[in-house]
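Below are the chains, spelled out letter by letter.
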Amino acid sequence: MNLSSAKIWWEQLNSREQRLVQVMGTAIAIFLLYSVVWQPLNTKLIAAEKTLSNRQTLLTWVDENTARYQNIRSNNQGKKTTGSLSSIVNRSATQHQLTISRMQPQGNNLQVWLDSTPFTQLLYWLEHLANDEGLQVQAIDLAKGDKPGEVRVRRLQLIKQ
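Note on numbering: residues in each chain are counted from 1, in written sequence order. For this predicted model, a pLDDT threshold of at least 70 governs which residues receive local features, and a threshold of 80 or more governs which side-chain atom pairs are given and counted, while totals over whole chains, interfaces and linings are taken from all residues. Note: side-chain values were computed over all heavy atoms of the structure, leaving out hydrogens and water.

Undergrad: Describe the packing of helix H3 (residues 85-95) against helix H4 (residues 119-131), with residues and values.
TA: Axis definition: a line fitted to C-alpha atoms, limited for helices to the stretch in contact. Angles are taken between N-to-C directions and run from 0 to 180 degrees. The way it works is that DSSP assigns letters per residue, a run of H or I at least four long becomes a helix, a run of E at least two long becomes a strand, and they are numbered from the N terminus. The N-to-C vectors of H3 and H4 enclose an angle of 140 degrees; their axes lie 10 Å apart at closest approach. Considering the angle they form, H3 stands oblique to H4. Pair H3 / H4 crosses with right-handed handedness. For the pair H3 and H4, the contacting residues are Val-89, Ser-92, Ala-93 and Gln-95 in the first and Trp-125, His-128 and Leu-129 in the second. Each residue belonging to the contact of H3 with H4 can be placed in one class, and the counts come to four nonpolar, three polar and no charged. Each angle receives one of four descriptions, namely roughly parallel if under 35 degrees, roughly antiparallel if over 145, roughly perpendicular if within 65 to 115, and oblique otherwise. Take the far helix as the reference: if the near one is turned anticlockwise from it by less than a right angle, the crossing is left-handed, and if turned clockwise, right-handed. Only heavy atoms enter the contact rule, under which two residues are in contact if any of them lie within 4.5 Å. Gly counts as polar in this scheme, as do all residues outside two lists: the nonpolar Ala, Val, Leu, Ile, Met, Phe, Trp, Tyr, Cys and Pro, and the charged Asp, Glu, Lys and Arg.

Undergrad: Give a detailed account of the sheet that holds strand E2 (residues 109-118), specifying residues and quantitative values.
TA: Pairing between two strands is assigned when DSSP locates at least 2 bridges connecting them. In spatial order, the strands read E1-E2-E4-E3; together these four strands make up an open sheet with antiparallel pairing. Across the chains shown, the open sheet's two edge strands, defined by having one partner strand only, are strand E1 (100-106) and strand E3 (135-144). Recorded for the sheet is a direction-independent mean angle of 15 degrees between the axes of neighbouring strands. In terms of strand pairing, E3 meets strand E4 (residues 150-160) through nine bridges, oriented antiparallel.

Undergrad: Can you explain the packing of aromatic side chains? Please cite residues and give values.
TA: A pair of aromatic rings is counted whenever rings of Phe, Tyr or Trp (Trp by its six-membered ring) have centres within 6.5 Å, and the orientation is called stacked for planes under 30 degrees apart, edge-to-face for over 60 and tilted otherwise. The tally for this structure, following the rule as stated, stands at zero aromatic pairs. A ring has a charge above it when a Lys NZ or an Arg CZ is no more than 6 Å from the ring centre and no more than 35 degrees off the ring normal. The residue whose ring lies beneath Arg-102 is Trp-113, and the NZ or CZ to ring-centre distance is 4.0 Å.

Undergrad: Describe the pairing of E1, with residues and values.
TA: A regular strand places its side chains so that they alternate between the two faces of the sheet. Pairing analysis gives six bridges linking E1 to E2, with the strands arranged antiparallel. Pairing of Gln-104 across the sheet is with Gln-111, part of E2. Linking E1 back to E2 in an antiparallel pair, the connection comprises two residues, with Gly-107 at a positive phi of about 65 degrees.

Undergrad: Please set out a nonpolar patch on the surface residue by residue, giving values where relevant.
TA: A contiguous nonpolar patch, built from Leu-20, Met-24, Ile-28, Phe-31, Leu-32, Leu-33, Val-36, Val-37 and Leu-41 and spanning about 910 Å² of accessible area, is present on the exposed surface. Checked against the element boundaries, Leu-20 lands in helix H2 (residues 15-76). Like-charged residues within 9 Å of one another, or nonpolar side chains (Val, Leu, Ile, Met, Phe, Trp, Tyr) within 5 Å, are grouped into patches, provided each residue has over 30% relative accessible area and no salt bridge. In these tables, accessible area is a Shrake-Rupley quantity obtained with a 1.4 Å probe, and a residue counts as shielded only by the protein chains included in the view. Counted as salt bridges are all cases of a side-chain nitrogen of Lys or Arg within 4 Å of a carboxyl oxygen of Asp or Glu.

Undergrad: Describe unusual backbone geometry, listing the residues and the values that go with them.
TA: With a phi angle near 55 degrees, Gln-97 is a residue other than glycine that sits in the positive phi range. Mapped onto the elements of the fold, Gln-97 is located in the loop between H3 and E1. Partly exposed residues are those whose accessible area sits between 20% and 50% of the maximum for their type, while under 20% is buried and over 50% is exposed, using a 1.4 Å probe and protein chains only. Owing to a relative accessible area of 69%, Gln-97 belongs among the exposed residues under this scheme.

Undergrad: Give me the side chain of Gln-111: which residues, what numbers.
TA: One can find Gln-111 in strand E2. Overall, the relative accessible area of 9% leaves Gln-111 in the buried class. Here a polar contact means two N or O atoms within 3.5 Å. Within protein one must be a hydrogen donor candidate and the other an acceptor candidate, and residues neighboring in sequence count only if both atoms are side-chain atoms. A polar contact of 2.9 Å, which involves the side chain of Gln-111, links it to the side chain of Gln-106.

Undergrad: So what about the nonpolar core? Which residues, and what values?
TA: Throughout this description, the term nonpolar core refers to a set of buried Ala, Val, Leu, Ile, Met, Phe, Trp, Tyr and Cys residues connected via side-chain atoms within 4.5 Å. Grouped together as the largest cluster of nonpolar side chains are 18 residues, with contacts concentrated most on Val-89, Val-112, Leu-114, Trp-125 and Leu-156. Sorting the residues of this core by element identifies H3, E2, H4 and E4 as the ones contributing at least two each.

Undergrad: Lay out H4 in plain terms, naming residues and giving numbers.
TA: Under the 1.5 Å per step criterion, the end-to-end length of H4 is 18 Å for 13 residues, consistent within 8% with the ideal 18 Å. Within the span of H4, buried status applies to Leu-122, Trp-125, Leu-126, His-128 and Leu-129. For H4, the angular spread of the buried residues around the axis is 160 degrees, confining them to a single face. Where H4 is buried, its residues meet H3, E2, E3 and E4. Here a helix's expected span is defined as the number of its residues, less one, multiplied by 1.5 Å. Regarding the arc, it is the one traced by the directions from the helix axis to the C-beta atoms.

Set out below in structure tokens:
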């Protein structure tokens, strides 16, 4: 349909039909504007606000826990462990109900092996070693344990800080 045939078609319509076509054209234009421009922008704005909120919550959590970590670390800086590295590890493993299958001193380091042990119990023990005993994990090699929720420590290398 070219411009001249559209003009002829328009002139053949009576005034009531012309108004109806104008109203429908306006309604279609508004619908297209909403569905092509407004709605996608609004959806992206809502998603961006949600992402911002989530990141602000994460930042607050990180700030709170960073302060807590630094406080614990500064409180433990002056602590010195008593006894040899192997005696500290043996004593604390017994306290945390862990069974060490093998230990091997290597200079200032100590390598430890544990059979299948609950993963959460291992984490509590490692946290105790770092925070209360002043030891640092240099390397750890874990494998799946015998039961669900358990791991085998194939190699744990510890050093005094």
